[in-house]
Protein chains: 2
Amino acid sequence: MRQLYHYWICPFSRKIRISLREKALDFKLVLENPWKRRHEFLVVNPAGSVPVLEEEDGLIVIGTYAITEYLEENHNKPDFLGQDAISRAEVRRLTEWFDIKFNKEVTQLIITEKVIKRFSKSGDTDAATIRCATQNIKHHLQYIEYLTDRRNWLAGDNFSYADISAAAHISCVDFFGDVAWDKFPAARDWYSRIKSRPSMQIILKDKIAGLVAADHYGDLDF
Amino acid sequence: MRQLYHYWICPFSRKIRISLREKALDFKLVLENPWKRRHEFLVVNPAGSVPVLEEEDGLIVIGTYAITEYLEENHNKPDFLGQDAISRAEVRRLTEWFDIKFNKEVTQLIITEKVIKRFSKSGDTDAATIRCATQNIKHHLQYIEYLTDRRNWLAGDNFSYADISAAAHISCVDFFGDVAWDKFPAARDWYSRIKSRPSMQIILKDKIAGLVAADHYGDLDF
């Protein structure tokens, strides 16, 4: 069966898990703790990072960029990029927004402080960095409000990789209760719509050894 | 005419400049200093980052991810991703390697310290960060040696976005003389082949106000 090497609180892994389920592609999860740099895994992916997708025919696709484009080229029902050049450019612009900008300003900071430092015993949590990240989230929620005020989904009429990427990142941060939802009702409505999808529901039910989710994390009404 | 909003020492802008020339697509460069956050540019790209491509028909494509995939979908002669799923996954894996991993470990550190801090007057250059970045480069040059020992170009038989991304990043760092070429002759040979391409030659001749390139920067023999 198709296998996805992933880590629980990794936005890029979550993005591929959501995409595979939305496309009704069966897969088995293989847990990989990237900070352990397991030798057998480094042979597969010298970068040591997840996600890595292994297809039944043995094809190995490495990294969020390669996997999402591979899925669109080979399993594109439903399609998450759109059909015309304008839609595809807009979906990819916003995917990059969340995978690069949001990741740098928010997700990576929170995950480093609250997950990696803890499990890899590589230092104490830095409260100032967490404060900075939770401040940064607000600008992104504001931008989500701006977009959803004008569109059905982030990139336009249809659910796309823009929504999947944004939700994957936000869910990793929301796990720790670090999102100020009460100030951003329209962003909350958009996220609630995504939470209600079966592809997301299953992720929100993950039990992660050593970590406890915030109270509202799995609730549709939050 | 087609326009490319770019900044001189931005690896992502260089990547698109190389790609457009390799594809023989005419374009005009428009200089944008991203740290100035010019209002008219933020209206076009709320992230405030370059590159941004504006096509003659008015289509605006934002960000290195959207632009490279757009170019492959709409101007794919020559093609820089390959034709089959294995090649495309490999090119995209290595593109992500340089655009994310190399950028985080090397380019972004050097550019922040040597360009952005200077021009935006946002602090003093930190020597320890630069030392760390120049140490990190070595692992990447070693990986380039490993790849070119087994292949004609980084991702396989053909020149691809993997080579373009790698060269774009390395050229930004090499501008400051921060690459230890003497220890990595095979990586130097690979880079020399790219330097000799007209698409790269024109970039190496850029005159950048306020910055002086290292002596060997433009030379084919270095």
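Residues numbered from 1 in each chain as written. Chains lettered and ligands numbered in written order. Predicted model: local features only at pLDDT ≥ 70, side-chain atom pairs only at ≥ 80, totals over all residues. Heavy atoms only, no water.

A.B. asks: I'd like a description of helix H7 (residues 185-195) of chain A, backed by residues and values.
C.D. replies: For H7(A), the set of buried residues is A:Ala187, A:Trp190, A:Tyr191, A:Ile194 and A:Lys195. Seen end-on, H7(A) carries its buried residues on one side only, within an arc spanning 140°. (Buried < 20%, exposed > 50% of the residue type's maximum accessible area, 1.4 Å probe, protein only. Helix = DSSP H or I, 4+ residues; strand = E, 2+ residues; numbered from the N terminus. Arc of directions from axis to C-beta.)

A.B. asks: If you had to explain the interface of chain B and chain A to someone new, which residues and values would you point to?
C.D. replies: Across the boundary between the two partners, chain B contributes 28 residues, which contact 28 residues of chain A. Interface of chain B and chain A: buried area, both sides summed, is about 2300 Å²; carbon and sulfur atoms make up 62% of it. Of all residues in chain B, the largest losses of buried area upon contact with chain A belong to B:Tyr65, B:Arg92 and B:Glu96, amounting jointly to 28% of the total for that side. Where chain B packs against chain A, one counts five salt bridges. (Contact = heavy atoms within 4.5 Å. Buried area = accessible area lost by both parts, 1.4 Å probe. Salt bridge = Lys/Arg side-chain N within 4 Å of Asp/Glu carboxyl O.)

A.B. asks: Break down the sheet that holds strand E2 (residues 28-31) of chain B for me, citing the residues and quoting the values.
C.D. replies: All names here are of chain B. An order of E2-E1-E3-E4 is seen for the four strands of this open sheet, with the pairing classed as mixed. For this open sheet the edge positions go to E2 and strand E4 (60-62), each flanked by a neighbour on one side alone. If you compare each strand with its neighbour and ignore which way they point, the axes differ by 20° on average. Examined bridge by bridge, strand E1 (residues 3-6) and E2 share four bridges and lie parallel to one another. Bridging across to E2, Gln3 finds its partner in Lys28. (Pairing = 2+ DSSP bridges. Axes fitted to C-alpha atoms, helices over the stretch in contact; angles between N-to-C directions.)

A.B. asks: Please set out the layout of surface pockets residue by residue, giving values where relevant.
C.D. replies: Approximately 370 Å³ is the volume found for the second largest pocket. Contributing to the lining of the second largest pocket are 18 residues, with A:Arg93, A:Tyr143, B:Val43, B:Val44 and B:Pro46 lying nearest its centre. Breaking the lining of the second largest pocket down by element, the ones donating at least two residues are helix H4 (85-119) and helix H5 (127-150) of chain A together with helix H2 (39-44) and E4 of chain B. Across the lining of the second largest pocket, the residue classes tally to 13 nonpolar, no polar and five charged. (1 Å grid on protein atoms, 1.4 Å probe; cavity = no way out; pocket = protein on both sides within 12 Å on 5 of 7 lines; lining within 4 Å. Points joined across faces, edges and corners; volume = space filled by probe spheres on them. Nonpolar A, V, L, I, M, F, W, Y, C, P; charged D, E, K, R; others polar.)

A.B. asks: Describe the sheet that holds strand E1 (residues 3-6) of chain A, naming the residues involved and giving the relevant values.
C.D. replies: All names here are of chain A. Taken in spatial order, the four strands make up an open sheet running E2-E1-E3-E4, and their pairing is mixed. The strands lining the two open edges of the sheet, one partner per strand, are strand E2 (28-31) and strand E4 (60-62). For this sheet, the mean inter-axis angle between neighbouring strands, taken without regard to orientation, is 20°. Two strands pair when backbone bridges link them, and strand E3 (residues 52-54) and E4 are joined in this way by three bridges, in the antiparallel orientation. In the strand pairing of E4, Val52 is matched with Ile62.

A.B. asks: Give me the lowdown on the environment of B:Ile62, citing residues and values where you can.
C.D. replies: Its place among the elements puts B:Ile62 in strand E4. Each C-alpha atom of the pair B:Ile62 and B:Arg37 lies 16 Å from the other, and the pair is 25 residues apart in sequence.

A.B. asks: Residue-level account of the domain arrangement of chain A, with values.
C.D. replies: Residues and elements named next belong to chain A. With domains assigned, chain A is organised as domain 1 (3-74) and domain 2 (85-204). Taken together, the 19 residues of domain 1 in the interface contact 25 residues of domain 2. When domain 1 packs against domain 2, close to 1900 Å² is buried across both sides, 68% of that on carbon and sulfur atoms. Seen at the junction of domain 1 and domain 2, the total is three salt bridges. One salt bridge connects Lys15 with Asp99, and the closest N-O pair in it is separated by 2.4 Å. For the pair domain 1 and domain 2, the interface holds seven residue pairs in polar contact (both at pLDDT 80 or more). Breaking the side of domain 1 that touches domain 2 down by element, the ones donating at least two residues are helix H1 (11-22) and helix H3 (64-74). A per-element tally of the side of domain 1 that touches domain 2 places H1 first, with nine residues. Of the residues belonging to the side of domain 1 that touches domain 2, the class tally is eight nonpolar, three polar and eight charged. (Domains from an automatic or database assignment. Polar contact = N/O pair within 3.5 Å; in protein donor to acceptor, adjacent residues only side chain to side chain.)

A.B. asks: Explain the packing of aromatic side chains to me, using residue names and the numbers behind them.
C.D. replies: All names here are of chain A. The full count for this structure, using the stated rule, is 31 aromatic pairs over all chains. Both rings, one in Phe80 and one in Tyr161, keep their centres 5.6 Å apart while their planes meet at 70°; by these two values the pair is edge-to-face. In this pair, Phe80 sits in the loop between H3 and H4 while Tyr161 sits in helix H6 (residues 161-174), placing the two residues 81 residues apart along the sequence. The same class applies to Phe80 and to Tyr161, which are both buried. Plain terms: the ring middles of Trp97 and Tyr143 are 4.3 Å apart, the flat faces sit at 25° to each other, and that makes the pair stacked. Separated by 46 residues along the polypeptide, Trp97 in helix H4 and Tyr143 in helix H5 bring together distant segments of the chain. The same class applies to Trp97 and to Tyr143, which are both buried. Of the aromatic side chains, those joined through ring pairs into one cluster are Phe80, Trp153, Phe159 and Tyr161. Arg197 extends its terminal NZ or CZ atom over the ring of Phe159, reaching a point 3.6 Å from the ring centre. (Phe/Tyr/Trp six-rings, centres within 6.5 Å; stacked < 30°, edge-to-face > 60°. Lys NZ or Arg CZ within 6 Å of the ring centre and 35° of its normal.)

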